Amino acid sequence: MEIKRIATDTRRSRAVVYNGMVFVGGQTADDRSQDIRGQTLQTLAKIEKFLADAGTDKSRLLTAQIWIKDLERDFAGMNEIWDAWTAPGAAPTRATAQCDLGAKDILVEIIVTAAVN
């Protein structure tokens, strides 16, 4: 089976399509001066682009991992944006955890897997 790599550099691919699924690697906001809502919106927009590049969309999400810098402060704000973004009736399985992220101004990182149309 063919493996399709999207936006690949020497370190990683932003997304990989294989066996009818797309694996979108951890995405973060480009404008890290934003609060959790702004960073979550930007992150989800990047995910939507990679899903489209792979030939699918958010209605085909299977699972998501969400990493938040400060759960107590930002969980509700992230969920507000997430809940408005997910396709009706198509919420994926999901895990959310608090962790130190790659840079101190990153508030959220999201990883998703989706079925390809």
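Now for a look at the structure at hand. Nothing here was measured: the structure is a model prediction, and the numbers come from that model.

## Considering the nonpolar core
Logical step 1: Residues Val 22, Val 24, Ile 47, Leu 51, Trp 82, Ile 110 and Val 112 are the most contacted members of the largest nonpolar core, which totals 25 residues.
Logical step 2: Counting residues per element, the ones that place at least two in this core are strand 2 (13–18), strand 3 (21–27), helix 1 (36–53), strand 4 (61–68), helix 2 (71–85) and strand 6 (108–115).
Logical step 3: Counting residues per element, this core draws most heavily on helix 1, which supplies five residues.
Logical step 4: The contacts of Ile 47, once residues within four sequence positions are left out, are Val 24, Gln 27, Trp 85, Ile 110 and Val 112.

## Topic: the sheet that holds strand 6
Hydrogen bonding along the main chain pairs the strands of a sheet, whether they run parallel or antiparallel.
Logical step 1: Taken together, six strands build an open sheet; the order of strands is 1-2-3-6-4-5 and the sheet is mixed. Because the sheet does not close on itself, it has two edges, and the strands there are strand 1 (4–8) and strand 5 (93–98). Pairwise comparison of adjacent strand axes, ignoring direction, gives a mean angle of 10° for this sheet.
Logical step 2: Where strand 3 and strand 6 come together, five bridges link them in antiparallel fashion. Bridge pairing in strand 6 places Gln 27 opposite Ile 110.
Logical step 3: Strands strand 4, strand 5 and strand 6 of the sheet are contacted by helix 2, whose axis makes an angle of about 155° with strand 5.

## With respect to the pairing of strand 6
Logical step 1: Within strand 6, six of the eight residues are buried, which leaves the element mostly enclosed by the surrounding structure.
Logical step 2: Looking at chain direction, strand 4 and strand 6 are connected through seven bridges and run antiparallel. Of the residues in strand 6, the one forming a bridge with Ile 66 is Ile 110.

## Observations concerning the environment of Phe 75
Logical step 1: Residue placement: Phe 75 occurs in helix 2.
Logical step 2: Accessibility expressed as a relative area gives 33% for Phe 75, which makes it partly exposed.
Logical step 3: The spatial distance from the C-alpha of Phe 75 to the C-alpha of Asp 57 is 24 Å, given a sequence separation of 18 residues.
Logical step 4: When sequence neighbours within four positions are dropped, the list of residues in contact with Phe 75 reads Ile 68, Asp 70, Arg 94 and Thr 96.

## With respect to the environment of Glu 48
Logical step 1: Structurally, Glu 48 is set in helix 1.
Logical step 2: C-alpha of Glu 48 to C-alpha of Lys 58: the two residues are ten residues apart in sequence and 6.7 Å apart in space.
Logical step 3: Once residues lying within four places of it in the same chain are set aside, the contact partners of Glu 48 are Lys 58 and Trp 85.

## Points about the side chain of Thr 56
Logical step 1: Tracing the chain through its elements places Thr 56 in the loop between helix 1 and strand 4.
Logical step 2: Thr 56 sits in the buried class, given a relative accessible area of 6%.
Logical step 3: Only 2.6 Å separates the side chain of Thr 56 from the backbone oxygen of Ala 115, close enough to count as a polar contact.
Logical step 4: Leaving out residues up to four positions away in the same chain, Thr 56 has contacts with Val 22, Leu 51, Ala 114, Ala 115, Val 116 and Asn 117.

Cut-off values and rules
Residues numbered from 1 in each chain as written. Predicted model: local features only at pLDDT ≥ 70, side-chain atom pairs only at ≥ 80, totals over all residues. Heavy atoms only, no water. Core = buried A, V, L, I, M, F, W, Y, C linked by side-chain atoms within 4.5 Å. Buried < 20%, exposed > 50% of the residue type's maximum accessible area, 1.4 Å probe, protein only. Helix = DSSP H or I, 4+ residues; strand = E, 2+ residues; numbered from the N terminus. Contact = heavy atoms within 4.5 Å. Pairing = 2+ DSSP bridges. Axes fitted to C-alpha atoms, helices over the stretch in contact; angles between N-to-C directions. Polar contact = N/O pair within 3.5 Å; in protein donor to acceptor, adjacent residues only side chain to side chain.

Honestly, that's just the spatial picture; any functional story needs more than this.
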